[in-house]
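Spelled out, the chains give:
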Amino acid sequence: MMESLLGFGVLLTLIFLRVPIAFAMAVVGVVGYAALSDFNFTAALSISARRLLDTAQDYGLSVIPLFILMGNLVSRSGLSGELFQASHALIGHRKGGMAMAAITACGGFSAICGSSLATAATMSRVAIPPMRKYGYADSLATAAIAAGGTLGILIPPSVALIIYGVLTEQSIRDLFAAGFVPGLLGILLYLGAVRYVVWRNPEAGPPGDAMSRAEKWRAFRGVGGILGLFALVMGGIYLGIFTPTEAAGIGAAGALGIALKRRSLGLAELKEVLTETARTSAMLFFVVIGALIFSNFVNRAGLPEHLVELITGFSVSPMTVLLMIIAIYLVLGAVFESMSMMLLTVPVFFPVIHSLGLDPIWFGIIVVVATEISLITPPVGMNVFVLSGMLKDVNSSTVFRGVTPFWCADILRLGLLILLPALTLWLPELLYR
């Protein structure tokens, strides 16, 4: 127990010293494992090398670079602007409608991209100029995109759900099905947050211009390709036609076909997309491998077993334990980057949840939603800093101030998912059980 706590302390020190988290977790994992084995570094390096090779050769993990490639190709195709236009055609003429259109477009883009930061960055370029044109308050405009961008971590295909599945050996197909309804619930609650803001201050989100029927038809026709691609990929997974890996390959090929048809992808752009995909995939693989090496040390030190014994000794209910874990996530989210927090905590908390008999798929969605909240939680909210970095005339305090109603909506969603597990488990049980 003490050895693992000491290891966590060293790891946190290295992270605060700005050592890359993948390297920090790997070093602490190797040294800690060796220390528990009478400083047998040969054994520690051997088991770490096996982890590295097994992870690199895992066929199931090929889903990560393929979905990243699909998202990058879709981003290059310029479909983000057409998603916003289609959403604008539906609700842009209402009070706060442009902000609601940005959130809906973020949800649609997340369904293909799978990355929160990429969603926030892409949609800020598309949606901020028209919202400023109509006189939207910067606090509402930026907060809507910062919050909408967090949907990328949950709405399938989600890299965070894939990594959770890898760390806990859970079905990625079941996780994708479980994330669908909570993702839609997040969109609806964010729309409600916009309505609340414009109810309090109508000048923050004036209505946009209504589109004619012909303009609406053109806007909807422009997103036919991306909707068809999403239906093919996720429908194939949900119906059991494709495995997640096969669906990712089909999605990447479909995205390439869309990009070529739209003539938005030359050789230079293709090279850039492939390079960015390789860079992002390599970064994620290094972090996952580092987390798995660190988990070797944690498990060898017996931390999960000690936690289970401690919790059993207090005779508290499983729900109380879950609420304590969520409280830890919300506190850590204020100072940790979301993916780092997830990789550090899941190997420790998952055995506890498993021993209490709680559903691992449900817990995975709870973890991802709690991690999602950290993306807009001060002082480290990554989506907020992405926006303030791209919009030089908007400081982070303005975005944080505007994002408060959306943060409250997230807390409400988290509470609903805890109280009503059926919201998460209904679809996977309907499809697969």
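This section reports on the structure supplied with the text. (Residues numbered from 1 in each chain as written. Predicted model: local features only at pLDDT ≥ 70, side-chain atom pairs only at ≥ 80, totals over all residues. Heavy atoms only, no water.)

In total, this model carries 7 aromatic pairs according to the counting rule given. Ring centres of Y164 and F350 lie 6.3 Å apart, and the angle between their planes is 80°; this geometry places the pair in the edge-to-face category. One end of the pair, Y164, is in helix 9 (residues 159-168); the other, F350, is in helix 17 (residues 338-355), and 186 residues separate them in sequence. Just as Y164 is buried, F350 falls in that class too. (Phe/Tyr/Trp six-rings, centres within 6.5 Å; stacked < 30°, edge-to-face > 60°. Helix = DSSP H or I, 4+ residues; strand = E, 2+ residues; numbered from the N terminus. Buried < 20%, exposed > 50% of the residue type's maximum accessible area, 1.4 Å probe, protein only.)

Turning our attention to the environment of S48. Looking at the secondary structure, you find S48 in helix 3 (residues 41-56). Judged by relative accessible area, which is 8%, S48 ranks as buried. With 141 residues separating them in the primary sequence, S48 and L189 have C-alpha atoms 44 Å apart. In this structure, S48 is in contact with V30 and I293, ignoring residues within four places of it in sequence. (Contact = heavy atoms within 4.5 Å.)

The next thing to look at is the pattern of salt bridges. In total, this model carries 5 salt bridges according to the counting rule given. Here D138 and R132 are joined by a salt bridge, their closest N and O atoms 3.3 Å apart. On the basis of relative accessibility, which here comes to 29%, the residue D138 falls in the partly exposed class. A relative accessible area of 32% means that R132 is categorised as partly exposed. R413 is the salt-bridge partner of E372, the closest N and O atoms lying 2.5 Å from each other. (Salt bridge = Lys/Arg side-chain N within 4 Å of Asp/Glu carboxyl O.)

We now examine the packing of helix 16 (residues 318-332) against helix 18 (residues 360-374). Orientation of helix 16 relative to helix 18, taken along the N-to-C sense of each, is 30°, at an axis distance of 9 Å. In terms of axis orientation, helix 16 runs roughly parallel to helix 18. Both helix 16 and helix 18 take part in a crossing whose hand is right-handed. Between helix 16, through M319, L322, I325, I326, Y329 and L330, and helix 18, the contact on the second element is made entirely by W362, F363, I366, V367, A370 and I373. Taken together, the residues of the contact of helix 16 with helix 18 sort by class into 12 nonpolar, no polar and no charged. (Axes fitted to C-alpha atoms, helices over the stretch in contact; angles between N-to-C directions. Parallel < 35°, antiparallel > 145°, perpendicular 65-115°, else oblique. Left-handed = near helix turned anticlockwise from the far one by under 90°. Nonpolar A, V, L, I, M, F, W, Y, C, P; charged D, E, K, R; others polar.)

In this model helix 12 (residues 224-238) runs 20 Å from its N-terminal to its C-terminal C-alpha over 15 residues, within 8% of the 21 Å that 1.5 Å per residue would give. When helix 12 is considered as a whole, its buried residues turn out to be I226, L229, V233, M234, G236, I237 and Y238. Looking at the residues trailing helix 12, positive phi occurs at G240, about 80°. (Expected span 1.5 Å × (residues − 1).)

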